[in-house]
Amino acid sequence: MRFHLSSEQVAIQDAVRGTLSDCWGVERLHALADGDADFDAASWQAMMTLGLGGLALAESDGGAGLGLLEAALVCEVAGGAAAPGPLIGQIIAALAVARCTDPRTRGLLAGIASGETVVTLALDGALVQCARSAHLFLCDDGAGGLHLAQAGEGVAIEPVTATDRSRPVSRVTFAAPAVYPLFAAGHPMVQRLRDAALVLIAADCLGGAQHCTDLSVDYAKTREQFGQPIGRFQGLKHQLAQMALEVEPARALVWYAAYAWDAELPDSSRAAAMAKAHLCEVYTRTTRAAIAAHGGIGYTWEYGLNYWFRRSVLNRAWLGSPAQHRARAARLAGW
Amino acid sequence: MDLSYGEAAEAFRKDVQGFLGSHWQPGDRRGGALKDFIRDFRRQAIDRGYLYRSVPRRYGGSEQPVDVIRAQVIREEFGRARAPMEVGGNGVNMTVPTLLERGTEEQRELFIRKTIEGDYIWGQGYSEPGSGSDLASVRTRAELSADGAKWIVNGQKIWTSQGMQSTHMFMLVRTEPDAAKHDGITYLLMDLDQPGVTRRPIRQMTGEGGAHTFCEFFFDNAEAPVGWQVGERGQGWYVSRTTLKHERASIGSADGLGSQFAKLVDLARETGRIDDPLVRDRLAEIEGRVLSHRYTSFRLFSCAAAGDDAGPVQLMMKLLLTEIGHDIALLAQDLIGEHALVEPEGSGGRGPRGPRGPNKWLDQIMGSLGNSIAGGASNIQRNIIGERGLGLPRDLAMGGEK
């Protein structure tokens, strides 16, 4: 029986946190937000040097031999830092290609694992994160299966002013691009990969919600009004306790969904839907509560809390709303 | 992550199952015969090391090394077999651990065996009409008799569960009126069968009264031997803060919540509402919380088994459980609709319980409100999470609290 993090798993999170704190912060978020790019090569390079692209690949595929659980732990840290780049797409693509038998597709594996080849998810809808910097798009093949479409001819990209400034989207249309096959309709991996993406989005929400809570608690300890730290006032103290009460127990929901996916438990698809729905709700409520807890400074651009709020907007809409996933979870339970 | 208990635990489970198969055969015994059978069964379970694992053998326990996984296996198998476990109640949960930690040898000899065998039933004498969340303000006085042999107690205690059945009370009394708030309290044990003690049931909002409800106690020169004081005179507040962590981690409350949620889904089916998208959405939303609670209890259990600190999340479990109970109550109330207008037969101890329809949910609907209050009110839980969990500064009014 083991249902809490091992020291190795904590070390993975510490390593990613340390790397991101060296190369990413609110100043860098401002720079990305005010520039034209939809990607930050330096932080991407730093994350990929840690081996995050191949984290969940078998060692025989040049990966670290870890599971979706570890990938979720990494995405949690990335969410906490509002890290740029299509990290979730990259990890999902690595999982997909590693389980694909087509030799031409498998030839992409080394580039994806190293991060040299940037892959983003283009499932459901036309707005795609970091599309202008991606080399490959993991998308529907039009017949219920999945393939990878190559950037370039047949892929039209129209930039938009993106709400989430950490992972800006563009409007993408595909017209007979060059493709690498992955899985045909009905292959179990089609659903498994979607489930894995849901778990990683939930993990990103968890990290973001924790960050917003931590920031609010720190602020309440230092900001003074009426001659004392505002965190002493019970009204705010209870709001902060409520935020922690939302976030901390939800952590185990993410762990379970990732564990269920790795162990291929019968309820893994449902667990992924539950985690996505619940964590998106938590993230939405927490970012809103964090801004309220800060007062005026929280509403400014400069302070940067809005980057997490904006990220929560993307996560909530991405691959299905909480209500859609609750409806799925209800169906999968046989209600 | 791995949710199996491991081979050693499964082998142990076989032992427990074997024991239960051969020893828990109550047949059609009833009344006194059943009571005797259960008493005998518990003795044998103690001999096997299944019950009262933290209590030394010399006081009637089974004195087992701490092993949360074995303790969990025992709970699961006894639960499955519907076999009685420890007698429970305040005595086993509070008096016995406190005496093991802080009591004198004489007190342990006198009380522990009788308590775990169910002969002594303990009421909690903490709250007073003027001392609720501000417990350290208790005013019930105790003064030494002229010969110094007895404490003479005068005052009032309230909200005592099982008060009508209680044979004894553990209580906080003020013995040093001139000392600082927290330093003038003594922790005292009292025999409730004496002329100076009057008890009265308080009827609850559920309608329950009589033997099944909480009570208030009046002390008019009630007595307790000086030797029944636990810990030093004036140190009672700190004695009452004694908490024992022995095998406390369990998945028990999560199992209870899970079965309550399953009943809520059944209710939606029975009332023909399970296909209503609004109901399905609310059910799934509640289940997100139920599962968060469940998997977090796995996490706490796993930390306890490994001897790791789980951190602030342990402070959140009571409030989390309470809030989910409210969510369940609100949906249940909508689902039962007009059935909520008629109280179930026999509720409030008014005669025998009749057949109970969907309106039996009124018990949970009202009971969930009790959870916001009993064992530390929800706003106190929020203070604890904020201050001990998040490290926020203490409320100035409570600056002296420890």
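Because the structure is a prediction, the values reported are computed rather than measured.

Taken together, the contacts link 42 residues of chain A with 48 residues of chain B. Where chain A abuts chain B, roughly 4,300 Å² becomes buried across the two surfaces, and 64% of that area is made up of carbon and sulfur atoms. Its largest share of buried area at the contact with chain B, chain A owes to A:M1, A:L245 and A:W335, together 22% of the area lost on that side. For the pair chain A and chain B, the number of links is four salt bridges. A:R270 serves as the salt-bridge partner of B:E287, at 2.4 Å between the closest nitrogen and oxygen. If you look at where chain A meets chain B, you find 21 residue pairs in polar contact (both at pLDDT 80 or more). Those elements that place two or more of their residues in the side of chain A that touches chain B are helix 8 (188-222), strand 9 (228-229), helix 9 (234-262), helix 10 (268-294) and helix 12 (322-332) of chain A. When residues of the side of chain A that touches chain B are assigned to their parent elements, the largest contribution, 17 residues, is made by helix 9 of chain A.

Bringing the packing of aromatic side chains into the picture now. With the rule as written, the count across this model stands at 28 aromatic pairs over all chains. Relative to A:W44, the ring of A:F39 lies with its centre 5.4 Å away and its plane at 55°, an arrangement referred to as tilted. A:W44 sits in the buried class, given a relative accessible area of 4%. Ring plane angle 10° and centroid distance 6.3 Å describe the contact between B:F217 and B:F219, whose orientation is recorded as stacked. With a relative accessible area of 4%, B:F219 lands in the buried category. Just above the ring of A:W335 sits the side chain of A:R270; from NZ or CZ to the centre is 5.5 Å.

So, about the domain arrangement of chain B. With domains assigned, chain B is organised as domain 1 (7-86), domain 2 (105-240) and domain 3 (252-398). Placing the centre of domain 2 of chain B and that of domain 3 of chain B at their C-alpha centroids yields a distance of 31 Å.

Right, let's talk about unusual backbone geometry for a bit. With a phi close to 50°, A:A176 is a non-glycine residue in the positive phi region. Mapped onto the elements, A:A176 comes out in the loop between strand 6 (169-174) and strand 7 (179-183). For B:E63, which is not glycine, the phi dihedral falls at a positive 50°. If you trace the backbone, B:E63 turns up in the loop between helix 2 (31-47) and helix 3 (68-81).

Before going further, it helps to examine the pairing of strand 4 (residues 168-174) of chain B. All names here are of chain B. Taken across its seven residues, strand 4 has seven buried, putting it largely inside the fold. Side chains H168, F170, L172 and R174 of strand 4 all project onto a buried face; the interleaved residues M169, M171 and V173 project onto the opposite face, where all are buried too. As judged from the seven bridges shared by strand 4 and strand 5 (residues 185-191), these two strands associate in the antiparallel manner. Bridging across to strand 5, F170 finds its partner in L189.

Here we take up the nonpolar core. Formed by 195 residues in total, the largest nonpolar core has its most connected members in A:I92, A:L138, B:F78, B:L264 and B:L283. If we ignore the near neighbours within four places in the chain, the residues touching A:L138 are A:I92, A:A93, A:A96, A:V119, A:T120, A:L121, A:A122, A:L123, A:L146, A:H147, A:L148 and A:L182. In this structure, B:L188, B:L192, B:V197 and B:F217 belong to the second largest nonpolar core, which totals 15 residues.

Residues and elements named next belong to chain B. Between the first and last C-alpha of helix 3 there are 20 Å, a value that for 14 residues agrees with the 20 Å anticipated at 1.5 Å per step. Among all positions in helix 3, only V68, I69, A71, Q72, V73, I74, E77 and F78 are buried. Packing partners of the buried residues in helix 3 comprise helix 1 (7-23), helix 2 and helix 8 (277-306). Of the residues flanking the start of helix 3, the one acting as N-cap is D67, its side-chain oxygen 3.2 Å from the backbone nitrogen of I69. Positive backbone phi, approximately 55°, marks R82, located one or two places after helix 3.

This part takes up the layout of surface pockets. Estimates place the volume of the second largest pocket at around 660 Å³. Considering the residues around the second largest pocket, the lining is formed by 29 residues, among which A:Q13, A:R17, A:E76, A:Q210 and A:R251 are closest to the centre. Those elements that provide at least two residues to the lining of the second largest pocket are helix 1 (7-23), helix 4 (68-81), helix 8 and helix 9 of chain A together with helix 8 of chain B. The element that contributes the greatest number of residues to the lining of the second largest pocket is helix 1 of chain A, accounting for five residues. Looking at the lining of the second largest pocket, its residues break down into 13 nonpolar, nine polar and seven charged.

Here we come to the state of the cysteines. All names here are of chain A. This model, assessed by the stated rule, comprises zero disulfides over all chains. The thiol of C23 is unpaired, and the distance to the nearest cysteine sulfur, on C130, comes to 15 Å. Counting only cysteine sulfurs, C75 is the nearest neighbor of C130, a cysteine outside any disulfide, at a range of 13 Å.

Calculation notes
- Residues numbered from 1 in each chain as written.
- Chains lettered and ligands numbered in written order.
- Predicted model: local features only at pLDDT ≥ 70, side-chain atom pairs only at ≥ 80, totals over all residues.
- Heavy atoms only, no water.
- Contact = heavy atoms within 4.5 Å.
- Buried area = accessible area lost by both parts, 1.4 Å probe.
- Salt bridge = Lys/Arg side-chain N within 4 Å of Asp/Glu carboxyl O.
- Polar contact = N/O pair within 3.5 Å; in protein donor to acceptor, adjacent residues only side chain to side chain.
- Helix = DSSP H or I, 4+ residues; strand = E, 2+ residues; numbered from the N terminus.
- Phe/Tyr/Trp six-rings, centres within 6.5 Å; stacked < 30°, edge-to-face > 60°.
- Buried < 20%, exposed > 50% of the residue type's maximum accessible area, 1.4 Å probe, protein only.
- Lys NZ or Arg CZ within 6 Å of the ring centre and 35° of its normal.
- Domains from an automatic or database assignment.
- Pairing = 2+ DSSP bridges.
- Core = buried A, V, L, I, M, F, W, Y, C linked by side-chain atoms within 4.5 Å.
- Expected span 1.5 Å × (residues − 1).
- 1 Å grid on protein atoms, 1.4 Å probe; cavity = no way out; pocket = protein on both sides within 12 Å on 5 of 7 lines; lining within 4 Å.
- Points joined across faces, edges and corners; volume = space filled by probe spheres on them.
- Nonpolar A, V, L, I, M, F, W, Y, C, P; charged D, E, K, R; others polar.
- Disulfide = S-S within 2.5 Å.

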